[in-house]
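# A look at the structure
Here are the chains, one letter per residue:
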Amino acid sequence: RINSIAARQIFDSRGLPTLTVRLETTGGAIAEASVPSGASTGAHEAVELRDGDPKRFGGKGVDKAIANVNGPIANALAGMSLEDQAAIDRRLIDLDGTSNKGKLGANAILGVSMAAARAAAMTVSQPLYRHLGGAGAVRLPVPCMNVLNGGKHADNNVDFQEFMIAPVGAPSFAEAMRYGAETYQALKALLHDRGLSTAVGDEGGFAPDLGSNEEACAVIVEAIERAGYRAGEDIAIALDPAASSFAVEGGYRLAGEGDGVTSAKALLAIYEDWVKRYPIVSIEDGFGEDDWAGFIAQTEAQGGRIQIVGDDNFVTNPTIIKRGIAEKVANAALIKLNQIGTVTETVEAIRLCFEAGWGAMVSHRSGETTDDFIADFTVAMGTGQLKSGAPCRGERLAKYNRLMAIEAELGDRAQYSSPFKRPPHR
Ligand code: PGA
Ligand code: ZN
């Protein structure tokens, strides 16, 4: 049972305040969980409660969220059984009473929800992935490593936010990490040789100024080959343009493509051209969050060959994902716990994806902590795919290193296989 719950402020990977929750059980076990924060957020995400006091952290303080945990939430949950995560999350949702967790804050609620899941696992002496996923939780994800950062995650001239490498042909998760880390180092050497910056962005990927968005794909393919791998067979590419961040009236404004307004149709033509020439297996947020027509057109055109992922448009919200499935808006959803605010609702979002035959990619946020909850969560859900940035920066590696530990613990029972279709390029 829950004995006590307390939150306090810590800092995220951008040096901005966030909160960590400490939950103590009546048996004396202590579970902690920390909450991440996005930069290119969807408009319909659950509310991340910030203080708004300009004199403290430029308004980004989280004292109110912390007070909500320490006061009303701690009071409401004291004595509750940890066995029923859904009941705990239901209590949190009811206590908040709004549709977007705007009263208590999704950051306050999620910290408690994750800490409760951890405490429950500790109570039954099981690792979190097994407690949440059962004995069948043996599938490690393909790590989609964001090795080149642009958009809102970097100060360079690249419009598209994320260029990820996905070691689809690796025989295990540990080997996938080696493929990715070696390619990351090869990319660094290659950029250095060309006099380009090797400073990194928010998610640990390099953030050089490039001649065009496409050049990012080209240098990544070169790096894959320089590291001794086959582009496509061993390592594929996944993109998150995060198009909401360059959506404008009537289309999209790409500084890297001449800076005029690009229509949704022309943007789809760019993706189609790239998919023919680069080993791309997944495109996330290729269109803006309000441009469902753009998504639908892309899914119609490319959904049979590659994964089309909705992030900013679906915001891990089961109600919106249901609509997305009905309207064939994509064939996968990005999954971020803090977009919706409880473990139970996140599980529901993934369940809906699976029922529809959709993919589900579990994701970190650009503002992260060293909390590795999503590593266990991904294995528990068996999604087969996760993104946690480049193999660089401790808060990114915390998740990957935890997954290596899980794989080692599972031993022969661990499974690693790509959820993606073979890249249709060339
Ligand atoms: P965010 O970016 O965490 O800044 O929202 C991640 C993403 O867009 O997938
Ligand atoms: Zn995204």
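The following refers to the structure shown. (Residues numbered from 1 in each chain as written. Chains lettered and ligands numbered in written order. Predicted model: local features only at pLDDT ≥ 70, side-chain atom pairs only at ≥ 80, totals over all residues. Heavy atoms only, no water.)

## A closer look at the overall build of the protein chain
Helices and strands together make up the secondary structure of the protein chain, namely 13 helices and 16 strands. Relative to a compact globule of 426 residues, whose C-alpha radius of gyration would be 22 Å, the protein chain shows 21 Å and is just as compact. For the protein chain, the spread of C-alpha atoms along the three principal axes comes to 60 × 50 × 45 Å. Taking all 426 residues of the protein chain together, the buried fraction comes to 59%. Of the contacts made within the protein chain by residues no fewer than 6 positions apart, 70% connect residues no fewer than 24 positions apart. Treating the 42 positive side-chain charges of the protein chain as one cloud and the 54 negative ones as another, the clouds have centres 2 Å apart. (Helix = DSSP H or I, 4+ residues; strand = E, 2+ residues; numbered from the N terminus. Rg over C-alpha atoms; globule rule 2.2 N^0.38 Å. Buried < 20%, exposed > 50% of the residue type's maximum accessible area, 1.4 Å probe, protein only. Contact = heavy atoms within 4.5 Å. Lys, Arg positive; Asp, Glu negative; His and termini not counted. Charge placed at Lys NZ, Arg CZ, Asp CG, Glu CD.)

## Concerning unusual backbone geometry
Phi at Phe57 is positive, roughly 55°, even though this residue is not glycine. Using a relative accessible area of 35% as the deciding quantity, one classes Phe57 as partly exposed. Even without a glycine there, the phi angle at Ser125 is positive, about 55°. Counting through the fold element by element, Ser125 comes out in the loop between helix H3 (106-123) and helix H4 (128-133). Ser125 gets classed as exposed once you look at its relative accessible area, which sits at 69%.

## Considering the site of ligand 1
Around ligand 1, the surrounding shell holds 15 residues, and the nearest of these are Ala39, His153, Arg365, Ser366 and Lys387. Within the contact set of ligand 1, an oxygen atom lies 2.6 Å away from a backbone nitrogen or oxygen of Ala39. Measuring from an oxygen atom of ligand 1, one finds a side-chain N or O atom of Asp240 at 3.1 Å. For ligand 1, the accessible surface in isolation is 280 Å², of which the surrounding protein chains cover 100%. Structurally, ligand 1 is housed in the second largest cavity. Partitioning the shell around ligand 1 into residue classes produces two nonpolar, five polar and eight charged. (Near = heavy atom within 4 Å. Polar contact = N/O pair within 3.5 Å; in protein donor to acceptor, adjacent residues only side chain to side chain. Areas by Shrake-Rupley, 256 points an atom, 1.4 Å probe, with all protein chains shown as cover. 1 Å grid on protein atoms, 1.4 Å probe; cavity = no way out; pocket = protein on both sides within 12 Å on 5 of 7 lines; lining within 4 Å. Sits in = over half its atoms within 2 Å of the grid points. Nonpolar A, V, L, I, M, F, W, Y, C, P; charged D, E, K, R; others polar.)

## Considerations on the pairing of strand S2 (residues 17-25)
By the criterion of burial, S2 is predominantly enclosed, with seven of the nine residues buried. Connecting strand S1 (residues 2-11) to the next strand, S2, in antiparallel fashion are five residues, including Gly15 with a positive phi near 80°. In the sheet, S2 pairs with strand S3 (residues 30-34) via five bridges, with the strands oriented antiparallel. Residue pairing in the sheet places Leu23 in a bridge with Ala31 of S3. Linking two consecutive strands that pair antiparallel, namely S2 and S3, is a turn of four residues; a positive phi of about 95° is found at Gly28 within it. (Pairing = 2+ DSSP bridges.)

## Points about the sheet that holds S1
One open sheet accounts for three strands, arranged S1-S2-S3; its pairing is antiparallel. Two strands lie at the open edges of the sheet, namely S1 and S3, each paired on one side alone. On average, each strand axis in the sheet is tilted by 20° relative to the strand beside it, whichever way the strands run. Where S1 lies against S2, nine bridges are found, and the strand directions are antiparallel. Opposite Arg8, over in S2, you have Thr20 as the bridge partner. Helix H1 (residues 63-77) rests against S1 and S2 of the sheet, and its axis sits at about 170° to S1. Along the sheet face, H3 touches S1, S2 and S3 and points at about 145° away from the line of S3. (Axes fitted to C-alpha atoms, helices over the stretch in contact; angles between N-to-C directions.)

## Here's the deal with helix H6 (residues 213-226)
For H6, which comprises 14 residues, the first-to-last C-alpha distance of 21 Å matches the rise-based estimate of 20 Å (1.5 Å per residue) to within 8%. Burial in H6 covers these residues: Asn213, Ala216, Cys217, Val219, Ile220, Val221, Ala223 and Ile224. Those residues of H6 that are buried are in contact with strand S5 (142-149), strand S6 (162-166), helix H5 (173-193), strand S7 (236-240) and helix H7 (264-277). Immediately beyond the C-terminal end of H6, within one or two residues, lies Gly228, with a positive phi of roughly 95°. (Expected span 1.5 Å × (residues − 1).)

## Things to note about the nonpolar core
In this structure, Leu77 and Phe163 are the most contacted members of the largest nonpolar core, which totals 133 residues. Among the elements that make up this core, the one with the highest residue count is H3 (11 residues). In contact with Leu77, not counting residues within four places along its chain, are Ile2, Ile5, Ile88, Arg91, Leu92 and Val112. (Core = buried A, V, L, I, M, F, W, Y, C linked by side-chain atoms within 4.5 Å.)

## Quick word on the pattern of salt bridges
Across all of its chains, the model carries 28 salt bridges by this definition. Across the pair Asp234 and Arg230 runs a salt bridge, and its minimum N-O distance is 2.9 Å. Residue classification places Asp234 among the buried positions, given a relative accessible area of 9%. (Salt bridge = Lys/Arg side-chain N within 4 Å of Asp/Glu carboxyl O.)

## A word on the packing of helix H11 (residues 343-355) against helix H12 (residues 373-381)
H12 packs onto H11 with a crossing angle of 40° between their chain directions and a minimal axis gap of 12 Å. Taken as axis vectors, H11 and H12 run oblique relative to one another. Crossing angle aside, the handedness with which H11 passes H12 is right-handed. Contacts between H11 and H12 involve Val343, Thr346, Val347, Ile350 and Phe354 on the former and, on the latter, Phe373, Phe377 and Met381. (Parallel < 35°, antiparallel > 145°, perpendicular 65-115°, else oblique. Left-handed = near helix turned anticlockwise from the far one by under 90°.)

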